[in-house]
Amino acid sequence: MESPVPGYLADVLDSSAAFADGAVADYIPELAGVDPDRAAIALATVDGTVYAQGDADAVFTIQSMSKPFTYALALSDLGIDGVGEKVGVEPSGEAFNEISLEPDTGRPRNPMINAGAISTHGLVAGADAADRLRRILDFYSAFADRPLELDDAVAESELEEGHRNLAFGHLLRSVGNIEGDPVAVVEGYIRQCAAKVAVADLALMAATLANGGVQPRTGRRLLDQRIVRHVLSVMMSCGMYDAAGDWLTTVGIPSKSGVSGGIVGVLPGQVGLAVFSPRLDRHGNSVRGVKMMERLSEDMGMHVMEAARPARSAIRDVHRVDYRGEEATVYELHGDLVFSSTESLIRRLVEDPPATRRVIFDLDRVDEIEDVARRMAVSAGRSLLDDGHALTITDRNGVLGETDLPRETDA
Ligand code: GLN
């Protein structure tokens, strides 16, 4: 049997070919020379399968798609509050290279615009600038599951023309947002932007975020789940610069674009996506890339506000059985126990209380229990015991874990 996925991706790529407007970024001289007609698309699943189509071997610099990953590393080093003192999380509605800081605090508004990304780069721990850059590159490499390298020609070329980013560095230094030599921080940031990737690398990096911070191939946890949630939220609200609101309503996939023509997107719990085509629109986002992401979202139901399915009731069936010579009520549960599905179970117990003394909860078909649902279930069990019921819990897969609720009571 053949998988329909590669053919589908090839079709998405082909159907975007008609959108040939836009222009290759030329403010970085080395980028002006790329072949504008190269294009590629990749999708990586949370179990590490990668599908790539088009110019899948095209290597390009990561540019601003590096920003969420450096931000994640700074958050791991300093904590969410520590980073928050220096860089905000508010969408700026401005272009990526707008020169503006929050008037009262001097903080860049968010880490996805250049001012914020330079500040973030400076927050990453390291013995010196070189060590910081090495840690950042190692971090990206762990996400991509291969050693990534820098494109020195692109970095040097941007450094020569990097007056605007240098201006950010000096501005940030003048308000005390960054410490030490601002030129070294800007240089590090520009080098981080020159990490070389192909679409498959970006898709795997994104799939690691989709997978809650665990690299799907190596099984290594690279980020805390809480930090992943934070980074994805900022990508969702700020990742597409002044097109962020439009992106949220039409595509609805937390994403980050780069001036090399790539867009990386994360559908939590499902897939990492990457598209590449060098011609950019006036926001600095890839024209064909945007079209491909729109189609993926539309066809595959990948808008985050759509991808979340309504939780089913936790109750699969309620019936009576004979349990050791006594009639008992069995609540057969299934699926994932989250707040809403567990609430429906508890509502049933309250509105239609079990008529037998013994109550059996059968958790054998439950996949996972979230913390809030565990607490709710344990307190429901306690209150049944208080009402004089006897309790039996069957839990073949041990999903309930350690609780102080007895698995079997007599009285
Ligand atoms: N290195 C580029 C810059 O700082 C990255 C910008 C981008 O990809 N949007 O200008």
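Residues numbered from 1 in each chain as written. Predicted model: local features only at pLDDT ≥ 70, side-chain atom pairs only at ≥ 80, totals over all residues. Heavy atoms only, no water.

Undergrad: Would you take a moment to explain the site of the ligand for this structure?
TA: Surrounding the ligand, one finds Tyr27, Gln63, Ser64, Phe96, Asn114, Glu158, Asn165, Tyr189, Cys193, Tyr241, Gly258 and Val259. The side chain of Tyr27 places a nitrogen or oxygen atom 2.5 Å from an oxygen atom of the ligand. Contact with the protein chains hides 99% of the accessible area of the ligand, taken as 300 Å² for the molecule alone. Broken down by class, the residue content of the shell around the ligand amounts to six nonpolar, five polar and one charged. (Near = heavy atom within 4 Å. Polar contact = N/O pair within 3.5 Å; in protein donor to acceptor, adjacent residues only side chain to side chain. Areas by Shrake-Rupley, 256 points an atom, 1.4 Å probe, with all protein chains shown as cover. Nonpolar A, V, L, I, M, F, W, Y, C, P; charged D, E, K, R; others polar.)

Undergrad: Help me understand the sheet that holds strand β13 (residues 390-394) in this model?
TA: By definition, the strands of a sheet pair up through backbone hydrogen bonds, in either a parallel or an antiparallel sense. Spatial ordering of the open sheet is given by β10-β11-β12-β13, a layout of four strands whose pairing is mixed. Both edges of this open sheet fall to β10 (315-323) and β13, since each of them pairs with a single strand only. Strand-to-strand twist across the sheet, computed as the mean angle between neighbouring axes with direction ignored, equals 25°. This element, helix α14 (residues 339-351), spans β10, β11 (326-337) and β12 (358-369) of the sheet and lies at about 160° to β11. Helix-sheet contacts for helix α15 (residues 371-386) involve β11, β12 and β13, and the interaxial angle to β12 is about 175°. (Pairing = 2+ DSSP bridges. Helix = DSSP H or I, 4+ residues; strand = E, 2+ residues; numbered from the N terminus. Axes fitted to C-alpha atoms, helices over the stretch in contact; angles between N-to-C directions. Contact = heavy atoms within 4.5 Å.)

Undergrad: What am I meant to see in the packing of aromatic side chains here?
TA: For any pair of aromatic rings, the description consists of the separation of the ring centres together with the inter-plane angle of the planes. Applying the stated criterion to the full structure yields five aromatic pairs. Each ring, one from Phe69 and one from Phe143, has its centre 5.2 Å from the other, and the planes form 70°; the classification is edge-to-face. You can see Phe69 sitting in helix α3 (residues 67-84) and its partner Phe143 sitting in helix α5 (residues 129-144), a full 74 residues away along the chain. Between Phe139 and Phe143 the ring centres are 4.9 Å apart and the planes differ by 75°, which places this aromatic pair in the edge-to-face class. Residue Phe139 and its partner Phe143 are located together in helix α5, separated by four residues, close to a single helical turn. (Phe/Tyr/Trp six-rings, centres within 6.5 Å; stacked < 30°, edge-to-face > 60°.)

Undergrad: How should helix α4 (residues 114-123) be read in this particular structure?
TA: Across the 10 residues of α4, nine count as buried, placing the element largely inside the fold. Residues of α4 that are buried include every one of Asn114, Ala115, Gly116, Ala117, Ile118, Ser119, Thr120, His121 and Leu123, and no others. As for α4, its buried residues are in contact with α3, α5, α7 (163-174) and α8 (182-192). (Buried < 20%, exposed > 50% of the residue type's maximum accessible area, 1.4 Å probe, protein only.)

Undergrad: How should I be thinking about the environment of Ser233 in this particular structure?
TA: Looking at the secondary structure, you find Ser233 in helix α10 (residues 225-238). Among the residues examined, Ser233 registers a relative accessible area of 41% and is labelled partly exposed. Sequence separation between Ser233 and Arg320 is 87 residues; the distance between their C-alpha atoms is 46 Å.

Undergrad: Looking at this structure, I do not really get the pattern of salt bridges. What am I missing?
TA: Summed over all chains, the structure comprises 26 salt bridges. Two residues, Arg358 and Glu408, come together in a salt bridge whose shortest N-O distance is 3.5 Å. Taken together, the residues Arg358 in strand β12 and Glu408 in the segment after β13 connect sequence positions 50 residues apart. For Arg358, a relative accessible area of 2% gives the class buried. (Salt bridge = Lys/Arg side-chain N within 4 Å of Asp/Glu carboxyl O.)

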